[in-house]
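Fold and contact review
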Amino acid sequence: QKEVEQNSGPLSVPEGAIASLNCTYSDRGSQSFFWYRQYSGKSPELIMFIYSNGDKEDGRFTAQLNKASQYVSLLIRDSQPSDSATYLCAVQNYGGSQGNLIFGKGTKLSVKP
Amino acid sequence: GAGVSQSPSNKVTEKGKDVELRCDPISGHTALYWYRQRLGQGLEFLIYFQGNSAPDKSGLPSDRFSAERTGESVSTLTIQRTQQEDSAVYLCASSLGAAGNTIYFGEGSWLTVV
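First things first, this report covers the structure right here in the doc. Because the structure is a prediction, the values reported are computed rather than measured.

Details of the overall build of chain A
Secondary structure summary: chain A contains zero helices and eleven strands in total. For chain A, the C-alpha radius of gyration of 14 Å lies close to 13 Å, the compact-globule estimate for 113 residues. Referenced to the eigenvectors of the C-alpha coordinate spread, the extents of chain A come out at roughly 45 × 30 × 20 Å. Counting contacts in chain A only where the partners sit at least 6 residues apart, residues at least 24 apart contribute 55% of the total. In the form shown here, chain A has an accessible surface area of approximately 5,300 Å², with 47% of it arising from carbon and sulfur atoms. Counting 11 positive and 10 negative side-chain charges, chain A places the centres of these two groups 4 Å from one another.

Concerning the state of the cysteines
Covalent bonding between the sulfur atoms of two cysteines defines a disulfide. Residues and elements named next belong to chain A. All chains considered together, the criterion is met by two disulfides over all chains. Across the disulfide, cysteine 23 is cross-linked to cysteine 89 (sulfur-sulfur distance 2.1 Å). Across the disulfide from cysteine 23 to cysteine 89, rotation about the S-S bond amounts to roughly -75 degrees, and the bridge is consequently left-handed. Taken as a pair, cysteine 23 in strand E3 (residues 19-25) and cysteine 89 in strand E9 (residues 85-92) lie far apart in primary sequence, 66 residues in all. For the residue pair cysteine 23 and cysteine 89, the accessibility class agrees, reading buried in each case.

Description of the side chain of Gln37(B)
Examined against the element boundaries, Gln37(B) turns out to sit in strand E4 (residues 31-37). The exposure class of Gln37(B) is buried, given its relative accessible area of 10%. Of the polar contacts made by the side chain of Gln37(B), one reaches the backbone oxygen of Gln41(B); its length is 2.9 Å. Those residues in contact with Gln37(B) that lie beyond four places of it in its chain are Gln38(A), Gly42(B), Leu43(B), Ala88(B), Val89(B) and Leu91(B).

Things to note about the pairing of strand E5 (residues 45-50) of chain A
All names here are of chain A. In this sheet, E5 lies alongside strand E4 (residues 32-38) in antiparallel orientation, the contact comprising five bridges. Paired with arginine 37 across the bridge in E5 is glutamate 45. In this structure, the hairpin formed by E4 and E5 is closed by a connection of six residues, where glycine 41 is found at a positive phi of approximately 80 degrees.

A short note on the pattern of salt bridges
Any two side chains of opposite charge can pair, given that their charged atoms come close. Residue and element names in this part refer to chain B. For the coordinates displayed, the defined rule picks out seven salt bridges over all chains. Between arginine 36 and glutamate 44 there is a salt bridge whose closest N-O contact spans 3.0 Å. What makes glutamate 44 partly exposed here is its relative accessible area of 28%. Taking the shortest distance from any N to any O, the salt bridge between arginine 64 and aspartate 86 comes out at 2.8 Å. Of this pair, arginine 64 sits in the loop between strand E6 (53-56) and strand E7 (65-69) while aspartate 86 is found in the loop between strand E8 (75-79) and strand E9 (88-95), placing the two residues 22 residues apart along the sequence. Looking at arginine 64, the relative accessible area reads 10%, which means it is buried.

Structural notes on the interface of chain A and chain B
In this assembly, 21 residues from chain A lie in contact with 19 residues from chain B. Carbon and sulfur atoms make up 57% of the area that chain A and chain B hide from each other, which totals about 1,600 Å². At the surface where chain A touches chain B, the tally comes to zero salt bridges. The tally of links between chain A and chain B comes to three residue pairs in polar contact (both at pLDDT 80 or more). Per element, the largest residue contribution to the side of chain A that touches chain B is four residues, and it comes from E4(A). Taken together, the residues of the side of chain A that touches chain B sort by class into ten nonpolar, nine polar and two charged.

Comments concerning the environment of Glu3(A)
All names here are of chain A. Note on placement: glutamate 3 falls in the segment before strand E1 (4-5). Glutamate 3 sits in the partly exposed class, given a relative accessible area of 38%. Separated by 105 residues in sequence, glutamate 3 and lysine 108 have C-alpha atoms that sit 19 Å apart. In this structure glutamate 3 touches Thr24, Tyr25 and Ser26, once residues within four positions along its chain are discounted.

Observations concerning unusual backbone geometry
For the bond running from Gly9(A) to Pro10(A), omega is 10 degrees, close enough to zero to count as cis. Along the chain, Pro10(A) turns up in the loop between E1 and strand E2 (11-14). With an omega of -10 degrees, the peptide bond running from Ser7(B) to Pro8(B) counts as cis. By secondary structure assignment, the location of Pro8(B) is in the loop between strand E1 (5-7) and strand E2 (10-13). Although it is not a glycine, Gln70(A) sits at a positive phi angle of roughly 55 degrees.

Thresholds, definitions, all that
Residues numbered from 1 in each chain as written. Chains lettered and ligands numbered in written order. Predicted model: local features only at pLDDT ≥ 70, side-chain atom pairs only at ≥ 80, totals over all residues. Heavy atoms only, no water. Helix = DSSP H or I, 4+ residues; strand = E, 2+ residues; numbered from the N terminus. Rg over C-alpha atoms; globule rule 2.2 N^0.38 Å. Contact = heavy atoms within 4.5 Å. Areas by Shrake-Rupley, 256 points an atom, 1.4 Å probe, with all protein chains shown as cover. Lys, Arg positive; Asp, Glu negative; His and termini not counted. Charge placed at Lys NZ, Arg CZ, Asp CG, Glu CD. Disulfide = S-S within 2.5 Å. Buried < 20%, exposed > 50% of the residue type's maximum accessible area, 1.4 Å probe, protein only. Polar contact = N/O pair within 3.5 Å; in protein donor to acceptor, adjacent residues only side chain to side chain. Pairing = 2+ DSSP bridges. Salt bridge = Lys/Arg side-chain N within 4 Å of Asp/Glu carboxyl O. Buried area = accessible area lost by both parts, 1.4 Å probe. Nonpolar A, V, L, I, M, F, W, Y, C, P; charged D, E, K, R; others polar.

Note that every value here comes from positions in space, so none of it alone points to a role or purpose.
Shown next as structure tokens:
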């Protein structure tokens, strides 16, 4: 059973701090990794994707991938109350089932003003 | 279209009735996904289409659920003899292809079975 694990939270950080969201996956053949943000009552929206080991930065967001450890993370710098949402990690194996894409259950982030 | 379009956006139905949910993917996207999300829960995979074929139906929860896709475009998810446990938001997503492409979600169809 291929799995994607996330701490359900809630993760609470003060405004302006760095929020660190973590995700581990069981399928070593996974090739693409995605972070989605989902506000309450809304559909998921893509924040970032990463394919290669290392860091990828986009504005206040940095995705980090370590395939050897089967670990992917998302850092949010200068956290804002508007970042309060559930963050979903998704992992893709091009030869896998579920259309190759498996989602974690999400981590709820709360940024306190 | 500009994004994934789903209809109806909200549906209230009586227990035992059949419902049809429609998804119109982004133009040119060959891969189409259906997910279910109960209140406060994670995404539950239902079915995946590549073109008009469904190589992965493993997530359909029972034989009351079926889906089809025609013309490599619109997909319909049908729930027969609805039960209260079917109440959820049904999310459709699409991507250019299954390998290494980002999937984009529609706004969902909120189903309430009373």
